[in-house]
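Tertiary structure, described
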Amino acid sequence: MAIASSNRANPSGSPEPRPDLPELPYAAWADTLDTLHLFAQIVGKVKLAASHPQNHWWNITFTVDARGLTTRRLNVAGIAFDIAFDFIDHRVVFRTDRGEVREIALVDGLSVAAFDLAVHGVLADLGIDVPLLEKPFGVPHLTTPFREDTEHRTYRAEYAQRFWRILTWSADVFEEFMGWFDGKSSPVQLFWHSFDLALTRFSGKRVEPPMSGVDPVTAEAYSHEVISFGFWAGDPTVTYPAYYSYAAPRPDGVERQPLSPREAVWLPDGSRSTLEYDVVRRAEDPRRTLLGYLQSNFAASATLAGWPTDELRSNWCPTSEHLRALARAGL
């Protein structure tokens, strides 16, 4: 049965070719992942300092682009600029509206401390340097201040590029899924503190009473009812790349709702579900498999939370019959 993605990509109706989704074993590139995550935190903190606040911290995120990740346009002292991670030529590129271009090569052996020094050197040279809180945020196993971190210095270019290619493919599927929803939705964006690609749908309801006893970052992120979806590459406690979904607040009993495909699982407390990336990569139709996972999570959480799902469908959304089939696929 054809669905929106197949019709868009291949009007003839013939099967869509299997995408090239590379292997990304966590153990093979964990050191590179940590180093790259810390590089991203440094650049992300520059973006935080050089952008206007937006709801739910959307001003701080990176966008996946045709060569890597970009901050998009920033501004310091009336100078517009952007910073991009280029995972084809493996460099970080700084561009200003005055035509200036500077680069930092991403090479094995470049430590976090050296990268931090180089970033501030480039920014100072361009007249756009900003003070940062020079330590990692929100990563329990990465705590050394940037300027003291000479330990994290591994950069395996092959795996950095694999990671970006997975982000590129995943972002395209997320954007198709995003287009099915007519309510408030986040962009598809990468949060540098957790280093995950994310998409969030909103019911429109403010969380009442407001969250108490949490930090201001969390309070702003979850001021309204949400159902979120994402991809992350793994960490020391979850040693494999995976897709995830969760609702906040969590609907009672959501962990008993079926998910597609059958390999998707709820955590025992129902706080989120996960689907290993390798299940998607090896599927006969990876795109449909991921769309089915996203739709089954949305259907489970939105129904229990009482979202007006019929009112929140866009004109581009597949029919109810197609959505139900997609959510049941692989069960």
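To keep things clear, this report deals only with the structure shown in the data block. Just so you know, these numbers come straight off a predicted model, no measurement behind them.

Notes on the packing of helix α4 (residues 157–178) against helix α7 (residues 286–305)
Packed helices, taken two at a time, are described by their axes: the angle between them and the distance between them. Where α4 contacts α7, the axes come no closer than 10 Å and their chain directions differ by 50 degrees. Between α4 and α7, the interaxial angle falls into the category oblique. Crossing of α4 against α7: the hand is right-handed. Where α4 abuts α7, its residues W169, D172, V173, F174, E176 and F177 lie against P286, R287, L290, L291, L294, Q295 and F298. Per-class residue counts for the contact of α4 with α7 are nine nonpolar, one polar and three charged.

Describing the nonpolar core
Of all hydrophobic cores here, the largest spans 97 residues; its most connected members are F85, F115, F163 and Y243. With sequence-adjacent residues up to four places away left out, F85 is seen in contact with L36, F39, A40, V43, F62, R67, G68, L69, R91, V92 and L106.

Looking at the packing of aromatic side chains
By the definition in use, this model includes 16 aromatic pairs. Centre to centre, the rings of F163 and F195 are 5.4 Å apart; their planes meet at 35 degrees, and the pair counts as tilted. Of this pair, F163 sits in helix α4 while F195 sits in the loop between β7 (189–191) and β8 (196–206); the two residues are 32 residues apart in sequence, bridging distant segments of the chain. For the pair F163 and F195, a shared accessibility class is recorded, and that class is buried. Centre to centre, the rings of F177 and W180 are 5.6 Å apart; their planes meet at 65 degrees, and the pair counts as edge-to-face. For the pair formed by F177 and W180, the shared burial category is buried. Put simply, the rings of F174, F231, Y243 and Y277 pair up and form one aromatic cluster.

Considerations on the sheet that holds strand β10 (residues 242–248)
Within the open sheet, the six strands sit side by side as β7-β8-β9-β10-β12-β11. Their pairing is antiparallel. Two strands in the sheet have a free side with no partner beyond their single neighbour: β7 and β11 (265–266).

Some remarks on the layout of surface pockets
Approximately 1,300 Å³ is the volume attributed to the largest pocket. What lines the largest pocket is a set of 49 residues, among which G138, H193, S194, F195 and D196 lie closest to the centre. Among the elements of the structure, α2 (26–49), β7, β8, α5 (216–221), β9 (224–232) and β10 are those that each provide at least two residues to the lining of the largest pocket. Sort the elements by how many residues they give to the lining of the largest pocket and α2 lands first, with five residues. Among the residues forming the lining of the largest pocket, the class breakdown is 29 nonpolar, 14 polar and six charged.

Topic: unusual backbone geometry
A cis amide bond links A248 to the next residue, P249, at an omega of -5 degrees. Inspection of the secondary structure puts P249 in the loop between β10 and β11. The backbone phi angle of F195 is positive, close to 60 degrees, even though this residue is not glycine. A relative accessible area of 5% places F195 in the buried class.

About the thresholds
Residues numbered from 1 in each chain as written. Predicted model: local features only at pLDDT ≥ 70, side-chain atom pairs only at ≥ 80, totals over all residues. Heavy atoms only, no water. Axes fitted to C-alpha atoms, helices over the stretch in contact; angles between N-to-C directions. Helix = DSSP H or I, 4+ residues; strand = E, 2+ residues; numbered from the N terminus. Parallel < 35°, antiparallel > 145°, perpendicular 65-115°, else oblique. Left-handed = near helix turned anticlockwise from the far one by under 90°. Contact = heavy atoms within 4.5 Å. Nonpolar A, V, L, I, M, F, W, Y, C, P; charged D, E, K, R; others polar. Core = buried A, V, L, I, M, F, W, Y, C linked by side-chain atoms within 4.5 Å. Buried < 20%, exposed > 50% of the residue type's maximum accessible area, 1.4 Å probe, protein only. Phe/Tyr/Trp six-rings, centres within 6.5 Å; stacked < 30°, edge-to-face > 60°. Pairing = 2+ DSSP bridges. 1 Å grid on protein atoms, 1.4 Å probe; cavity = no way out; pocket = protein on both sides within 12 Å on 5 of 7 lines; lining within 4 Å. Points joined across faces, edges and corners; volume = space filled by probe spheres on them.

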